[in-house]
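# Structure assessment
The residues making up each chain are set out below.
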Amino acid sequence: MTGADEQDQSGPHAPLLASSHASSDHDGNDHEESLASELEYSGGWFIWALTFSAGISGLLFGYDTGVISSTLVTIGSDLSGRLLTTLDKSLITSCTSLFALIASPFTGVLADKFGRRKVILGADLLFALGALIQAFTNHVWGMILGRSIVGLAVGSASAVTPLYISELAPSHARGRLVTILSLFITGGQVVAYIVGWLFSSTTGGWRWIVGIGALPAFFQLAILALLPETPRWLVQAGFDARAKTVLTKIYQDCTGCDRVVDHVLRNISAEIVQEASEMGPIKSRGTKPQWLHDTIQRGQQLLHGGNRRALTIAMMLQAVQQLCGFNSLMYFSATIFSSLSFSSPTLISLSVAMTNFIFTLVAFVLIDKIGRRRILLYSIPVMVVALVVCAFSFSSMDEKWNSEPPTPTGHQETHDKASSLVPLAILLCLTVYTAAYALGLGNVPWQQSELFPLNVRSLGSGLATATNWGSNFIIGLTFLPMMEWISPSWTFALYALVCVIGWAGVWAIYPEMSGLSLEQVKGLLADGWGVRESLQRRRISQHV
């Protein structure tokens, strides 16, 4: 992406601003018509094809985070010629989250420097490499290495793919299109449980379980040549003509396509010019490389004004998404259901994963209609109720956690029938909790890139995603010890408290951004949290 012949001859901003010399009346009418067309447009076949192609990263993300559960119980003594120790299992499980945490903030820097598309390509290479190392290794350290490489891929994909989709999507459909990524993630988890179940009784089947993860990565690598870079990154890099070509394909089925494309380009260009002026004159960078100098400047900008508020919201949502304890189900549901004496804990775990997928699909339909803020305010209280009831249900079994189930006798028959209702109650509560999570917290935090202005968008998204993986690491590390040390009841009660705090945070500082362009969101957070203004805008738009 260097060389004079690749750079647009007219410069980065000239073609976008040239049309501003037309008559004011004509411009005003064109602006209103273009804005109306853009807000009503939900995307044609091109944007949907791009979203599904990029969403393969989500499938890989979901598969590689969900597959470890069945892998650990089928390895046996195939690694290092011995059974896995507790330390082995802990390292193999937690290294993925740890390296995803490490990768996330650096991914933002790379996405700014090289583009969103190239980072997705790099993540695919890491997914494939990590899967193959796991499949062919004969040592514990090899499995840890493979899982760590997969962690780098997961951290990169989880930060950049939502950013990529949101920058391509029309504002009216952005929520649903980013939710498709969550569909792929939850679908990948379902596939991981199914594959694990199918190969669980096969000799060496765990190698197939982890190795199959390379196939989607190779598939996405094959089609990556067809994926364009995002218009916003192209304009920022000075490739205006290429950005216009991409936008023309995105809005090709939109009424007044040319006017809409020019309108979107002008908004992007105006945002870039404004942000350049806000950064002030370029200071001497001394011996620092240009990319490091730019990153430091963006980091400083991220900590001021509306950018700081955007980062606070994004990090809050990502932290609550993980600290509410949901991924403890993804990692340890088989352990929970086994302790509850279910005859087939793996299949019961699959039912939880299926619930997650189905209600993520419901969220896809509802998120832009109901709105991000409202869907969180409605769904989180349901999670709280389910967790509280689950905690009360566990209270009769706290002393039995990790103990062997008693052998039934004729004198215990009545007691056993009563106690058999407790596992069913817990299963019902966890299913309701999963459904509510999938509707709200499972999806909305991944809309994070819409919070940030262009010049800090990838860095802000990377830091928010790092918060997600840091919180994920904490949950994976503490769930089983908490179940043993403070009891299952207090563990789930603590998760309920996190949800209550999260609901209060959403109510206080999270504005409604459904239907707003990425440039409008920046204005919303410029002088405050924008909650009241956002609700007024939504009421007006619903009555127009």
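Within any chain, residue numbers begin from 1 and follow the written order of that chain's sequence. Only residues with pLDDT of 70 or above have their local features reported here, since the model is predicted, and side-chain atom pairs are shown and tallied only from 80 upward, although totals for entire chains, interfaces and linings are computed over all residues. Processing note: side-chain calculations cover all non-hydrogen atoms of the structure and skip hydrogens and water entirely.

In the annotation of an unreviewed UniProt entry, the chain is listed under the name Major facilitator superfamily (MFS) profile domain-containing protein and assigned to Penicillium vulpinum. UniProt positions are given in the numbering used here, feature names are shortened, and annotations may be inferred rather than shown by experiment. Reading the Catalytic activity (unreviewed entry) entry of the UniProt record for the chain gives the comment "myo-inositol(out) + H(+)(out) = myo-inositol(in) + H(+)(in)".

Our focus in this paragraph is empty space enclosed by the protein. Space inside and on the surface of the protein is sampled on a 1 Å grid over the protein atoms alone, with a cavity defined as a set of points where a 1.4 Å probe fits but cannot get out and a pocket as an open set with protein on both sides within 12 Å along at least 5 of 7 lines; lining residues have an atom within 4 Å of a point. Grid points are joined across faces, edges and corners, and a volume is the space filled by probe spheres set on the points. Counted under the stated rule, the structure contains 5 cavities of 30 Å³ or more. Computed from the structure, the largest cavity encloses a volume of approximately 270 Å³. Taken together, 23 residues form the lining of the largest cavity, with Ile185, Gln189, Asn327, Tyr437 and Trp446 sitting closest to its centre. Those elements that place two or more of their residues in the lining of the largest cavity are α3 (45–66), α8 (174–199), α15 (305–323), α16 (326–339), α17 (345–370), α20 (421–439) and α21 (454–485). Residue classes in the lining of the largest cavity are distributed as 9 nonpolar, 14 polar and no charged. Strands here mean DSSP runs of E at least two residues long; helices mean DSSP runs of H or I at least four residues long; both are numbered from the N terminus. Amino acids are sorted into nonpolar (Ala, Val, Leu, Ile, Met, Phe, Trp, Tyr, Cys and Pro), charged (Asp, Glu, Lys and Arg) and polar (every other residue, Gly among them).

A few words now on unusual backbone geometry. Generally, phi is negative for residues other than glycine and the peptide bonds are trans, each holding for most cases. With phi around 60°, Ser80 is a residue other than glycine that occupies positive phi space. Examined against the element boundaries, Ser80 turns out to sit in the loop between α4 (68–74) and α5 (86–114). You will see that Ser487, though not glycine, has its phi angle at about 90°, which is positive. In this structure, Ser487 sits in helix α22 (residues 487–509). Partly exposed describes any residue whose relative accessible area lies between the buried limit of under 20% and the exposed limit of over 50%, with all areas from a 1.4 Å probe on protein chains only and scaled to the type maximum. Owing to a relative accessible area of 14%, Ser487 belongs among the buried residues under this scheme.

Of note, Ser269 is situated in helix α13 (residues 257–279). Overall, the relative accessible area of 0% leaves Ser269 in the buried class. Counting along the chain gives 37 residues from Ser269 to Arg232, while the straight-line C-alpha distance between them is 8.6 Å.

In this section: the side chain of Thr107. Inspection of the secondary structure assignment puts Thr107 in helix α5. In this view, Thr107 contacts Val119, Gly155, Ser156, Ala159 and Val160; residues no more than four positions away in its chain are not counted. Note on contacts: a residue pair qualifies if any of its non-hydrogen atoms lie within 4.5 Å across the two residues.

So, on to the packing of aromatic side chains. Two numbers describe a pair of aromatic rings. These are the distance of the centres and the angle of the planes. The aromatic pairing rule takes the rings of Phe, Tyr and Trp, using the six-membered ring of Trp, and pairs them if the centres are within 6.5 Å, calling planes under 30 degrees apart stacked, those over 60 edge-to-face and the rest tilted. Enumeration according to the criterion identifies 10 aromatic pairs in this entry. Residues Phe52 and Phe184 carry aromatic rings whose centres are separated by 5.8 Å and whose planes lie at 75° to one another, so their mutual orientation is edge-to-face. In this pair, Phe52 sits in helix α3 while Phe184 sits in helix α8, placing the two residues 132 residues apart along the sequence. Classification of Phe52 as partly exposed rests on a relative accessible area of 44%. Overall, the relative accessible area of 18% leaves Phe184 in the buried class. Linked through ring pairs, Phe394, Phe479, Phe492 and Tyr495 together constitute an aromatic cluster. The lysine or arginine in question, Lys113, covers the ring of Phe114, its NZ or CZ lying 5.5 Å from the ring centre. Comment: the charge-over-ring label is applied if NZ (Lys) or CZ (Arg) is within 6 Å of the ring centre and within 35 degrees of the ring normal. In this structure, Arg242 packs its charged tip against the face of Phe239, placed 4.7 Å from the ring centre.

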